[in-house]
Amino acid sequence: MEFNNPAGNNLFDKAKVVGQPIRRLEGPLKVTGRAAYAYERHDVASGQVYGYPVGSAIAKGRITGIDTSAAEAAPGVIGIVTTLEHDPIEGVFDYDPVRHFGGNEVLHYHQAIAVVVAETFEQARAAANLLKVDYARDEGANFTLSSTPEAAGETDPDPAQSTGDFDAAFASAAVTLDETYTTPAESHSMMEPHATIAAWDGDRVTLWTSNQMIEWGRQSFAKAFGVPADNVRVDCPYLGGGFGAKLFVRSDAVLAGLAARKVGRPVKVTLPRPMIANNTTHRGETIQRIRLAADAQGRLTAIGHHNATNALTEAGGEDATLPTVAFYAAANRQVVNAPAHMNLPNSNAMRAPGETAGLMAFEIAMDEMAAKCGMDPVAFRIANDTQVDPGNPDVPFSDRHFVECLERGAAAFGWSNRNTAPGATRDGAWLIGHGVAGAYRPAPVMTSGARVALTPDGRLRVESDMTDIGTGSYTVMGQTAAEVLGLPFEAVSVELGDSAYPVSAGSGGQWGAASATAGVYAACVALREAIAERLGVQEGDLTFEDGMVRHGNTSTPLGEVGGGEEIVGEDSIEFGSFRSDDALVATFGAHFVEVGVHAYTGEIRVRRMLAVADSGRILNPMTARSQMIGAMTMGVGGALMEELAVDERYGFFVNHDLAGYEVPVHLDIPEQEVIFLETTDPYSTPLKAKGVGELGLCGVAAALANAVTNATGVRVRDYPVTLDKIIDGLPSA
Amino acid sequence: MRAFSYERATSPQHAAAQAAETGGKFIAGGTNLLDLMKLEIETPTHLIDVNGLGLDMIEDTADGGLRIGALVRNTDLAAHERVRRDYAVLTRALVAGASGQLRNKATTAGNLLQRTRCPYFYDTNMPCNKRNPGSGCAALEGFSRQLGIIGTSEACIATHPSDMAVAMRALDAVVETVNAAGETRSIPLEDFHLLPGDHPEVETVLGEDEFITAVTLPAPVGGRHFYHKVRDRSSYAFALVSVAAVVQPDGSGRVALGGVAPKPWRRAEADAALPNGASAVMSTLLDGANPTEDNAFKVRLSERTLAAVLAEAQE
Ligand SMILES: Cc1cc2nc3c(=O)[nH]c(=O)nc-3n(C[C@H](O)[C@H](O)[C@H](O)COP(=O)(O)OP(=O)(O)OC[C@H]3O[C@@H](n4cnc5c(N)ncnc54)[C@H](O)[C@@H]3O)c2cc1C
Ligand code: SF4
């Protein structure tokens, strides 16, 4: 099915199942421990053995030798694969320029250099520590992001946006701001570590793995193992989170596949938690210079944003300028992103890549600028809203309700009651502050396919290689199918994550739910057509309702149409170029937070959070809310504690486990509220839906940073905002 | 983790004797030892299980104090009626540590003997004098935000991470031991942990074959009890700085600091300055501090945290 025009009135406007707060289809399996994650798929292949990965002890240089003799002689050891016995195995995609394994060159700390396979996990781990590796360290490495983006990044990069005359507008403005902000590298820290079981049958391989993008994975494995893609099967019905860490294949899967081929038995590999931060990928660190200019009425006249970010190769890094090009109005714009070549592990996508670090900085700048203009931060943002692409005013936003997000949020939060003098509100030992920030994230979509089968018992089975990374894909796809075929939700079952099923959008970039439900819709329409053909009538003359298909005065139970056989519909949704040519399709939000800052110690604690989201049709308010509050929690981490600390001598992230890399705990999150605006976006998909999973994270950290300033009068421009950065500036206790 | 053999001790003295004979390590709750073994930071070839020796009792002592068995779990100790009533600083410190699950396993002796959380100690690719004597200290010029500011040395700037021990230090606790020969001794907690000097790998005065049987607390000292633990998140994190304090109605009292030194940090002269306020206490208690750029804030944070406690004490 081609989606070449904005959706008109359609069945989703009178939806009965889509839009309902239905509990997760797979929820009972998960809460009772019966949903088997990759490493626990004990039943899928017999004779599984354990591979334990070995990471490089240096950040840059060469391996001059690996002595495996002691490890080979260790109890239980079946085989060892070292990097020296393979040519370098690279990734498939330009935007993930990864070296999985192979060759003697070390590009980053904890790069996978071997895997030791043994009968038990403990034997493999013990033997892995017996490898003797000799290195020649390369001293000419760079692990430091310079103190200005101009010095850090490549010189004269192509601007991402250059509109009007920035320099002139900035020089002549009534009010200006010129500040530099930094955001640290962050680790995805999803609950389930990377894990894979691989088994070969001749030259065919199956990988039971934890991966967000099944088809990308299949292509990557084909290249890594030198077999045709059709010889590769990838299966991943459940993921314990990914946040982008599992968008691309990582070393666990490559090592498992190579080891399984070498030892001739199914091999399972998981990355130990202390290896994940440096072995896999992370959100890049950034340094961002932001320049804003406004007229005396507080309307922005110029926006300048220069970002530099660590990248191991040409691509990668956190492009913090992504939201800047479109979020706020201003006629004169100069936006530049420059990767800084550094020998840290390669940075790549982490939830809302670009927007997260970008809005962490930009939404502080907006707060500072509001203060300079003598305006309320909500009013200042409203004054600078745009309904068109500011770089190309002929292109409108398809459906943008940012102002309404701010207004609804301010009313619900009680924003007008807040104290406006920083450092002036106390509750016992705590200074109280409030903060706001805007949220912006595009609403991309991807081609997505599905197969639906109507079975003789009147049930519907949906099959797709779509993944459910804890987001609710099973449920919203099931809801969509039920809607289109007029069935109760209970009559639908959904099977996902297997490369044997039609290729879907996969989970990433908050495109998953919007694209995959559109794909299910396409497949269901194909099924309706197949049903019509069986009945010898036109599809348009049929009504699907309450488990029956009606034509004129005849009503047939759906299960009977096939006469004892399954009827199958399969199709993909393809999104036409109008979606990007004619409009900007994006999601919007506003975050409001209240924090307490301990007047003596500077401890910062969140008191309440409210998010308002404009994301088009909400497919399921329960799963959507979970996405939002999870993202808001991640934003608390980014604001107040998360930082992969770089050791600039040895070139690695030092705090590479969950004791050293802190993420929020329950006690950090006392109260969260989410309001979804009732909007629909006909430009987005036939369901008029957009994503929420990344939007929820955008801007959260800045709202918190702004609240800390409101509480204390201290402005922190370097994340995370921790007590050591404010303690000297606290008002006297 | 290296392969190891395992036995259950039959008595405290037997445990000590087996340690002397095998060079093995005692395992109590295992919450620290097993983690370190998995990373091969600790590599014992033999484990002596000391659970089930009847050392899990809390008893009154003749002088009105309390004798806490070495194997009493942190959860049970924190919940004990007399601890909550007479030694509240200890309960407060315990519940500020780790998580509920960990405290259910963690024991009194194991908690005192838990090892540092220095991130370089945890990465066996890095030089670390504590883990690998003579290899150097990667933390000294590295990422040291969490590490010590006083009592440290050029060889090691790690802190002792325990919360419980800070409260016990404020309470003048005494560690009781037995060795392979059956000899017992009582070691004031003040003397129990060693400063690193040139040998950060030696952390306590315990002999190789010395086994902790109990910790005793002297008779209660009254006063109001505080434990203020400062950290970036609300729970489940080690202290940046912690203050254990017992404050009497006349403003006198005791103060011990956690998160700043290789041992719970207390000085008698600093206690004496308590009636004069936080600044007076800290100028004595942290006299000689030698922080890194990363952790210099701990000096001011310590003072401000004590000020918070004293303000609360006056309410
Ligand atoms: C994730 C995590 C978070 C934590 N957070 C905190 C925190 O916030 N605050 C805090 O204070 N602690 C914290 N801890 C540490 C925890 O308190 C310790 O791990 C625990 O107290 C150790 O007790 P155990 O009985 O498990 O010791 P074990 O691991 O069994 O033993 C530790 C050491 O003590 C020795 N030992 C044990 N018993 C005896 C004995 N009777 N005589 C002589 N030697 C003995 C062992 O040989 C070993 O060397 C945390 C731990 C973890 C894993
Ligand atoms: S501070 Fe101590 S524990 Fe940390 S690296 Fe240095 S020697 Fe090792």
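Structure report, in brief. (Residues numbered from 1 in each chain as written. Chains lettered and ligands numbered in written order. Predicted model: local features only at pLDDT ≥ 70, side-chain atom pairs only at ≥ 80, totals over all residues. Heavy atoms only, no water.)

All names here are of chain A. With 5 of its 6 residues buried, strand β13 (residues 204–209) lies for the most part within the structure. Across 6 bridges, strand β12 (residues 195–201) lies against β13 in antiparallel orientation. In the strand pairing of β13, I197 is matched with W208. When β13 meets strand β14 (residues 232–235), the two strands line up parallel, connected through 4 bridges. For L207, the partnering residue across the bridge sits in β14 and is V234. Crossover connection from β13 via helix α6 (residues 214–225) to parallel β14: handedness right-handed. (Buried < 20%, exposed > 50% of the residue type's maximum accessible area, 1.4 Å probe, protein only. Helix = DSSP H or I, 4+ residues; strand = E, 2+ residues; numbered from the N terminus. Pairing = 2+ DSSP bridges. Right-handed = clockwise from strand over helix to strand, strands pointing away.)

Attention shifts here to unusual backbone geometry. Glycine aside, residues mostly have negative phi angles, and peptide bonds mostly take the trans form. Residues and elements named next belong to chain A. For the bond running from Y719 to P720, omega is -5°, close enough to zero to count as cis. One non-glycine residue, D546, lies in positive phi territory at about 50°. On the basis of relative accessibility, which here comes to 63%, the residue D546 falls in the exposed class. Here the phi dihedral of K688 falls at roughly 60°; this positive angle occurs in a residue that is not glycine. Of note, K688 is situated in the loop between β32 (672–676) and α16 (700–712). Residue classification places K688 among the buried positions, given a relative accessible area of 5%.

All names here are of chain A. The strand order across the open sheet formed by 5 strands is β1-β27-β21-β22-β23, and the pairing between neighbours is mixed. Pairing within the sheet leaves two strands with one partner each, and these edge strands are β1 (2–3) and β23 (492–496). Bridge count between strand β21 (residues 448–454) and strand β27 (residues 567–575): 7 bridges; the pairing is antiparallel. Across the sheet, the residue bridging to S448 is I573, located in β27. Packed onto the sheet, helix α12 (residues 473–485) meets β22 (460–464) and β23 and runs at close to 135° relative to β23. Across the face of the sheet, helix α13 (residues 512–535) comes into contact with β21, β22 and β27 while running at roughly 140° to β27. (Contact = heavy atoms within 4.5 Å. Axes fitted to C-alpha atoms, helices over the stretch in contact; angles between N-to-C directions.)

As a further point, take the side chain of R283 of chain A. Residue and element names in this part refer to chain A. With respect to the helices, strands and loops of the structure, R283 is situated in the loop between α8 (273–279) and β16 (286–294). Under the relative-accessibility criterion, R283 is labelled buried at 1%. A polar side-chain atom of R283 sits 2.9 Å from the main-chain carbonyl oxygen of R351. Leave out the neighbours within four places in its chain, and R283 touches P184, A185, E186, E318, S347, N348, M350, R351, A352, P353, T356 and L697. (Polar contact = N/O pair within 3.5 Å; in protein donor to acceptor, adjacent residues only side chain to side chain.)

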